[in-house]
Structure formats: C-alpha cells, structure tokens
Amino acid sequence: TSLALLTIPVAYLIGAIPFGYLTALWARGVDIRTVGSGNIGATNVGRVLGFRFFVIVFLLDLAKGFLPTYLFPLAVARATGQTVPQLGVFVALATIMGHNFPIYLKFKGGKGVATSLGALLALNWVASLAAFAGFVLTLVVTRYVSFSSMLGGLVFLAVYFVRVDDPWNQEHLAMSVVTIGLFSLLVVRHRKNIVRIKEGTEPKVSFRKNRPS
Ligand code: NKO
C-alpha cells in the first residue's frame, strides 16, 4: 500500500505541470495569465496564439490526466501483485487538483476541463466520449467554450449515473462522490465565465478562418 499511496502525490505533481503556461511562454514568450481570460487552459492559449496551440495544450493537459490514471493502478498491481480498489479514482482526483491548484504557479491554475476529461477517459470511456460529444454539439450551437465545458461535465454525470447499477455500493462509492465533486469544482472554476455569460460579455469562438472574435 505504501507504493499505492506514493502514486497520489506523484499524480498531483504531474497534473500540476502547467502545459498551457509553458507552451505560451516557450512558443511566443507571453505569460498567458496576463492576456485574454488569463486562464492557463487550452482555450485561452488558442485564443491568444491560434487554434493549433489549442490542440497542443488540449492534448498535453488531457494526457497528464489520462496517463497516470490509466498506468499507476496497473503499475501498482504489477509491482505488488495486489489491486488497490478505487486507486484510479484517487489518482484522477490528484491530477485534476494538480492542474487547478499547481504548486509551480502559487496554486493558481486552470479550470480542469481537459485534465478531467483525460482522467475520466481512463475510468469511464463511455461517459467521457458522451461528455466530449455533448461539448462539441453545445459549442457548435452556443459558441461558448465555458458553457460547453460545463454541459460536457453534466453529460458525463448523467451518463455515469444512468449506467451504474448501484452508485453507493463499495465498488462505486468513490467514483460517485468524486464525479459529483469534480462537476461542482468545474462549475465553481467557471464562475467568472458564468457572470460574463449573464452579462453578455463572454467571448464566443468563431469557426471561420481570418475573422475576428
Ligand atoms: O479561457 O475561461 P476561458 O474561456 O480551456 O476557458 C474556458 C474553458 C476552459 O477549459 C479549457 C479546456 C478546453 C478543452 C475542450 C474539450 C472539453 C471536453 C469537455 C468534457 C468535459 C468533461 C468534464 C467532466 C467533469 C465531471 O472552459
């Protein structure tokens, strides 16, 4: 179990790697926290540096959630010959806490959208793919990334709870509680976006090339 316990701080430190901040700094020398929405996520990096940087940061932030959540429980099982129940759920949570509250950036991090999707993909790919589909559809209709992210989270929650047999039994309790907690965190992290959407000042994305806003 000591090896299992060690995976949690390691997952936090991996999740805390601010790929959006680093990409903007290395590619253009800009501190992404001072431009656009000020967020270190893929959306803001794409907003400031261009769409291909959205893709790069999205995939890196997704990977830092997915890889630890997928690999650490397997590695622990291999090394010790025992499976630790629900270890993946806690590794997932640790990577997302790392992204949202990174030690390297004085604990001021992102909103946890891409990292949550990556981590949850390793735990429940069906609900995760549904969430991503919900995100894309909502984005096409509303053109608000923030609103689409929250709706994606809601789709994850809905699909997870519809498909699980008993969410409160031993086997699923951790996942059920963490899923609700992550969705709540996702909404809280978007509170400024929610205010802007109500005020009508939240920027929309454009799907056309060479067009402002
Ligand atoms: O700069 O405040 P901003 O406008 O950048 O950014 C708002 C945005 C922040 O998030 C990002 C990451 C974008 C990733 C896009 C793919 C998202 C797929 C959605 C699935 C959501 C699953 C979450 C499950 C939680 C329970 O929002």
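Before reading further, recall that the structure is shown in the block above.
So, how was this worked out
- Residues numbered from 1 in each chain as written.
- Predicted model: local features only at pLDDT ≥ 70, side-chain atom pairs only at ≥ 80, totals over all residues.
- Heavy atoms only, no water.
- Buried < 20%, exposed > 50% of the residue type's maximum accessible area, 1.4 Å probe, protein only.
- Helix = DSSP H or I, 4+ residues; strand = E, 2+ residues; numbered from the N terminus.
- Contact = heavy atoms within 4.5 Å.
- Axes fitted to C-alpha atoms, helices over the stretch in contact; angles between N-to-C directions.
- Parallel < 35°, antiparallel > 145°, perpendicular 65-115°, else oblique.
- Left-handed = near helix turned anticlockwise from the far one by under 90°.
- Nonpolar A, V, L, I, M, F, W, Y, C, P; charged D, E, K, R; others polar.

(A) Highlighting unusual backbone geometry. At glutamine 86, a position not held by glycine, the phi torsion is positive, near 65 degrees. Glutamine 86 gets classed as partly exposed once you look at its relative accessible area, which sits at 24%. Notably, phenylalanine 107 is not glycine yet its phi reads approximately 70 degrees, a positive angle. In this structure, phenylalanine 107 sits in the loop between α5 (87-100) and α6 (113-123).

(B) Structural context of the side chain of threonine 142. You can see threonine 142 is positioned in helix α7 (residues 125-142). Setting aside chain neighbours within four positions, we find threonine 142 in contact with Phe147, Ser148 and Lys204.

(C) Structural context of the packing of helix α1 (residues 2-15) against helix α4 (residues 51-80). Orientation of α1 relative to α4, taken along the N-to-C sense of each, is 160 degrees, at an axis distance of 10 Å. With respect to α4, the element α1 is oriented roughly antiparallel. The hand of the α1/α4 crossing is right-handed. On the side of α1, the interface is formed by Leu3, Ala4, Thr7, Val10, Ala11, Ile14 and Gly15, while α4 contributes Lys64, Pro68, Phe72, Val76, Ala79 and Thr80. Tallied by class, the residues present in the contact of α1 with α4 amount to nine nonpolar, three polar and one charged.

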